[in-house]
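Residue-level structure breakdown
In case you want the letters, here they are:
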There are 2 protein chains.
Amino acid sequence: MAYSIGEVSEMLNISISTLRYYDKEGLLFRVNRTTGNIRVFDDTDIECLKMIECLKTTGMQLKDIKLFFHWCEEGDSTIDKRYQLFLEQKEKTEKQIELLQHALDRVNYKCEYYRLAKEKGTTNDPSLQDELAMKYLTKDNNK
Amino acid sequence: MAYSIGEVSEMLNISISTLRYYDKEGLLFRVNRTTGNIRVFDDTDIECLKMIECLKTTGMQLKDIKLFFHWCEEGDSTIDKRYQLFLEQKEKTEKQIELLQHALDRVNYKCEYYRLAKEKGTTNDPSLQDELAMKYLTKDNNK
DNA sequence: ATAAAACCTAAACCTAACTTTAGGTCAATA
DNA sequence: TATTGACCTAAAGTTAGGTTTAGGTTTTAT
């Protein structure tokens, strides 16, 4: 299937200007053009864009994503590089999830804290700290 | 306890220039100064900085973190605002973790893909796709 | 055939979150 | 007391990842 830039933008919820920016940065070198210089995306290009979104989510920079796609073009000689890249990205992503989970724990504590404070009408009620201590057993969550 | 900017920088692993930047942006308005205009951080300031780190991890912008600290200063009249802020941040963080987990699944699939490709010496071996399909039951992971 | 919608490029602009630089002040030590 | 290391400010510079603007071309529908 062939898609215009506007169709791709709608399908993947990526703005047209972002798609052109990715192209300019060398990430979409696979994308064909008509004789009139209009971009024509195919299904493989869509898959590439989904991979870009995935890697961006894990925190990879566009220049590194570009590198990966160029390694793909180079063929089997770069398999190990690509393998190492994904192993590294796996580590980074796992660490990032851990960090976020830890932050979420603290945010949840604060939700509970302010829910109780709202009930009491003040953050100065001594029973507020007590109830939270009871619930969480340690006040370390608040650190 | 009182700490110099250098000590805080070491303790929390935040660069001195970043600490000064946070101060300039109005996030550290609690921090005292000596008569000689040198910053003096106390334990509450350290807690504030830990909260900044936490909220930054969840993707909150400095201007919104600043707002939160100012609400804290305003007292009990802002309890509900603060409660809503943390509820919203909880939602956002949970969504972010889900997104990251989904991306991680795809990265893991790619690790497995390239591990096998490395074994075969090529990404073109038909058994590569077969073995992955076997392992994951669906090729959707690769989308 | 023509008008409007969709596309194109290049270049300037934007934002957040810092970092660096330049030029100076403060405070602990020899 | 002099020097050295830690601190200070203001302002400019940096980076990534875009968006916007201006001016033009192509395609599609009437």
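Relevant structure appears above.
Keep in mind that this is a model prediction, so the values were computed, not measured. (Residues numbered from 1 in each chain as written. Chains lettered and ligands numbered in written order. Predicted model: local features only at pLDDT ≥ 70, side-chain atom pairs only at ≥ 80, totals over all residues. Heavy atoms only, no water.)

Regarding its fold elements, chain A presents 6 helices and 2 strands. Starting at the N terminus and walking to the C terminus, you meet the elements of chain A as α-α-β-β-α-α-α-α. Relative to the globule expectation of 15 Å for 143 residues, the C-alpha radius of gyration of chain A, 24 Å, shows a markedly less compact shape. Seen along its three principal axes, the alpha-carbon backbone of chain A occupies a region of about 75 × 35 × 20 Å. When the 143 residues of chain A are sorted by exposure, 38% land in the buried category. Taking the intrachain contacts of chain A between residues at least 6 apart in sequence as the baseline, contacts between residues at least 24 apart amount to 46%. Surface exposure of chain A reaches about 8100 Å², of which carbon and sulfur atoms provide 49%. For chain A, the distance from the average position of its 22 positive side-chain charges to the average position of its 25 negative side-chain charges is 5 Å. (Helix = DSSP H or I, 4+ residues; strand = E, 2+ residues; numbered from the N terminus. Rg over C-alpha atoms; globule rule 2.2 N^0.38 Å. Buried < 20%, exposed > 50% of the residue type's maximum accessible area, 1.4 Å probe, protein only. Contact = heavy atoms within 4.5 Å. Areas by Shrake-Rupley, 256 points an atom, 1.4 Å probe, with all protein chains shown as cover. Lys, Arg positive; Asp, Glu negative; His and termini not counted. Charge placed at Lys NZ, Arg CZ, Asp CG, Glu CD.)

What follows is about the interface of chain B and chain A. Contacts between the two partners involve 42 residues from chain B and, on the opposite side, 42 residues from chain A. The contact between chain B and chain A buries some 3700 Å² in all, and 73% of this surface belongs to carbon and sulfur atoms. On the chain B side of the interface with chain A, the three residues burying the most area are B:Y83, B:L100 and B:Y114, jointly 17% of the side's total. Measuring nitrogen to oxygen at the nearest pair gives 2.7 Å for the salt bridge that ties A:K118 to B:D80. On inspection of chain B and its partner chain A, the count reaches 12 residue pairs in polar contact (both at pLDDT 80 or more). Going through the elements one at a time, α3 (43–57), α4 (62–74) and α5 (79–120) of chain B are the ones with two or more residues in the side of chain B that touches chain A. The element contributing the most residues to the side of chain B that touches chain A is α5(B), with 27 residues. A class-by-class count of the residues in the side of chain B that touches chain A yields 17 nonpolar, 13 polar and 12 charged. (Buried area = accessible area lost by both parts, 1.4 Å probe. Salt bridge = Lys/Arg side-chain N within 4 Å of Asp/Glu carboxyl O. Polar contact = N/O pair within 3.5 Å; in protein donor to acceptor, adjacent residues only side chain to side chain. Nonpolar A, V, L, I, M, F, W, Y, C, P; charged D, E, K, R; others polar.)

Helical geometry: 3.6 residues make up each α-helical turn, so side chains three or four residues apart lie on a common side. Taking 1.5 Å of rise per residue, the 13 residues of helix α4 (residues 62–74) of chain A would be expected to cover 18 Å, and the 18 Å separating its terminal C-alpha atoms lies within 8% of that figure. Taken residue by residue, α4(A) has A:I65, A:F68, A:F69 and A:W71 as its buried positions. All buried residues of α4(A) fall inside an arc of 155 degrees around its axis, so they share one side. More than 90 degrees from the buried face of α4(A), the exposed residues found are A:K63, A:E73 and A:E74. Buried residues along α4(A) sit against α3 (43–57) and α5 (79–120) of chain A together with α5 of chain B. Two residues or fewer past α4(A), A:G75 is found with a positive phi of approximately 95 degrees. (Expected span 1.5 Å × (residues − 1). Arc of directions from axis to C-beta.)

With that settled, the discussion passes to the side chain of B:E112. All names here are of chain B. Within the secondary structure, E112 is located in helix α5. Classification of E112 as buried rests on a relative accessible area of 13%. Other than its neighbours up to four places away in sequence, E112 contacts L132, K135 and Y136.

Around DNA strand D, the structure places 19 residues, and the nearest of them are A:S15, A:S17, A:T18, B:R20 and B:R39. One of the side-chain N or O atoms of B:S4 is found 2.9 Å from a phosphate oxygen in DNA strand D. Among the secondary structure elements, those contributing two or more residues to the surface near DNA strand D are α2 (16–24) of chain A together with α1 (5–12) and α2 (16–24) of chain B. The biggest single contributor to the surface near DNA strand D is α2(A), with 4 residues. When grouped by side-chain class, the residues that make up the surface near DNA strand D number 6 nonpolar, 9 polar and 4 charged. (Near = heavy atom within 4 Å.)

With that settled, the discussion passes to the relation of the copies chain B and chain A. One copy of the chain maps onto the second through a rotation about an axis and a displacement along it. The two copies are related by a screw motion: chain B maps onto chain A through a turn of 180 degrees and a shift of 0.0 Å along the axis, at an RMSD of 0.1 Å. On this basis, the relationship between the two copies can be described by a two-fold rotation axis. For chain B, the minimum C-alpha distance to the rotation axis belongs to B:I97 and amounts to 3.0 Å. With an isologous cut-off of 70% or more, the 100% of interface residues of chain B that recur at the interface of chain A puts this contact in the isologous class. (Least-squares fit on C-alpha atoms with pLDDT ≥ 70 in both.)

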